[in-house]
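# An overview of the molecular structure
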Amino acid sequence: VQLQASGGGLVQAGGSLRLSCAASGSIFSRNVMGWYRQAPGKQRDRVASISYSGVITYLDSVKGRFTVSRDNTKNTVHLQMNSLEPEDTGVYYCNYKTIFGSPDYWGQGTQVTVSS
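Residues numbered from 1 in each chain as written. Predicted model: local features only at pLDDT ≥ 70, side-chain atom pairs only at ≥ 80, totals over all residues. Heavy atoms only, no water.

### Topic: the pattern of salt bridges
Here the idea is simple: oppositely charged side chains can pair when their charged atoms come close. Note the cut-off: Whenever Lys or Arg places a side-chain nitrogen within 4 Å of a carboxyl oxygen from Asp or Glu, that contact is recorded as a salt bridge. A run of H or I in DSSP counts as a helix once it spans at least four residues, and a run of E counts as a strand once it spans at least two, with each numbered from the N terminus. Whether a residue is buried, partly exposed or exposed follows from its accessible area with a 1.4 Å probe, protein chains only, as a fraction of its type maximum: under 20%, in between, or over 50%, in that order.
Scanning the entire structure with this criterion turns up 5 salt bridges. The partner of Asp88 in a salt bridge is Arg65, and the shortest N-O contact between them spans 2.8 Å. Placement of the pair is Asp88 in the loop between β8 (76–81) and β9 (90–98) and Arg65 in the loop between β6 (56–58) and β7 (66–71), with a sequence separation of 23 residues. Here Asp88 and Arg65 have matching classes, each one buried. Linked through salt bridges whose partners overlap, the residues forming this network are Arg37, Arg65, Glu85 and Asp88.

Structure representation (structure tokens):
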């Protein structure tokens, strides 16, 4: 499975960005796709995930500001990020796994920088 992410950038606090990720290769239909982020010197945290059936999870700090969505026909996942805060800065990684768990597949990472 290959993941191609896009959409990062530099934005002022309060602004918006939209991340997109396309999966290709041997896609198992019953999967979970999502986004993780990693700030310098910190662990990688799951920001949002969405299963093939539409079950969604969010990191508490992004609830109400971020929206994850997917298109199963195109094997894509998106993350709409509104009201961005400097604490949202980091490298965002697209993730794919089947409902059975590992292995995890990762995209190349896209930088999101929110200036205050």
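### So, the state of the cysteines
The criterion, for reference: Criterion for a disulfide: a pair of cysteine sulfur atoms at a distance within 2.5 Å.
Counted under the stated rule, the structure contains 1 disulfide. Through a disulfide, Cys21 is tied to Cys94; the S-S separation comes to 2.0 Å. Taking the sign of the torsion about the S-S bond as the criterion, the disulfide between Cys21 and Cys94, at about -85 degrees, is left-handed. Here Cys21, found in strand β3 (residues 17–24), pairs with Cys94, found in strand β9; they are 73 residues apart in sequence, far enough to count as distant. The same class applies to Cys21 as to Cys94, namely buried.

### A closer look at the pairing of strand β4 (residues 31–38)
Heads up, the rule is: In this scheme, strands are said to pair when DSSP sees at least two bridges between them.
For β4, the tally of buried residues reaches 6 of 8 residues, placing the bulk of the element in the interior. The pairing of β4 with β9 spans 8 bridges and is antiparallel. Each bridged residue has a counterpart across the sheet, and for Gly34 the counterpart in β9 is Asn95. Judged from the 7 bridges that link them, β4 and strand β5 (residues 44–51) form a sheet pairing that is antiparallel. Its bridge partner lying in β5, Tyr36 is registered against Arg46. Between β4 and β5, which pair antiparallel and follow one another directly, the connecting turn spans 5 residues, one of which, Gly41, has a positive phi of 75 degrees.

### Notes on the nonpolar core
Threshold: Nonpolar cores were defined as sets of buried Ala, Val, Leu, Ile, Met, Phe, Trp, Tyr and Cys residues, with membership established by side-chain atoms within 4.5 Å. Any pair of residues with heavy atoms lying within 4.5 Å of one another is described as a contacting pair.
By size, the foremost hydrophobic cluster in this structure holds 24 residues, and its most contacted members are Trp35, Phe66, Val77, Leu79, Met81, Tyr92 and Cys94. Sort the elements by how many residues they give to this core and β3 lands first, with 4 residues. With sequence-adjacent residues up to four places away left out, Tyr92 is seen in contact with Leu19, Trp35, Tyr36, Arg37, Val47, Phe66, Leu79, Met81, Gly109, Thr110 and Val112.

### Considerations on a nonpolar patch on the surface
Which entries qualify depends on this criterion: The residues that make up patches have over 30% relative accessible area and no salt bridge, and they are joined within 9 Å when like-charged or within 5 Å when they are Val, Leu, Ile, Met, Phe, Trp or Tyr. Accessible surface area values rest on a Shrake-Rupley calculation with a 1.4 Å probe, where residue burial reflects the displayed protein chains alone.
Together, Phe28, Tyr52, Ile99 and Phe100 make up a nonpolar patch on the protein surface, roughly 380 Å² of accessible area in all. Within the secondary structure, Phe100 sits in the loop between β9 and β10 (101–106). According to the relative accessible area criterion, Phe100 is exposed, its value standing at 61%.

### Remarks on the sheet that holds β8
Put simply, the rule is: Where helices are involved, their axes are fitted lines through C-alpha atoms of the stretch in contact, as for all axes, and angles between N-to-C directions lie from 0 to 180°.
Strand order in this open sheet of 4 strands is β1-β3-β8-β7, and the pairing throughout is antiparallel. Looking along the sheet, the strands with just one partner apiece sit at the ends: β1 (2–6) and β7. On average, each strand axis in the sheet is inclined to that of its neighbour by 15 degrees, with strand direction left out of account.

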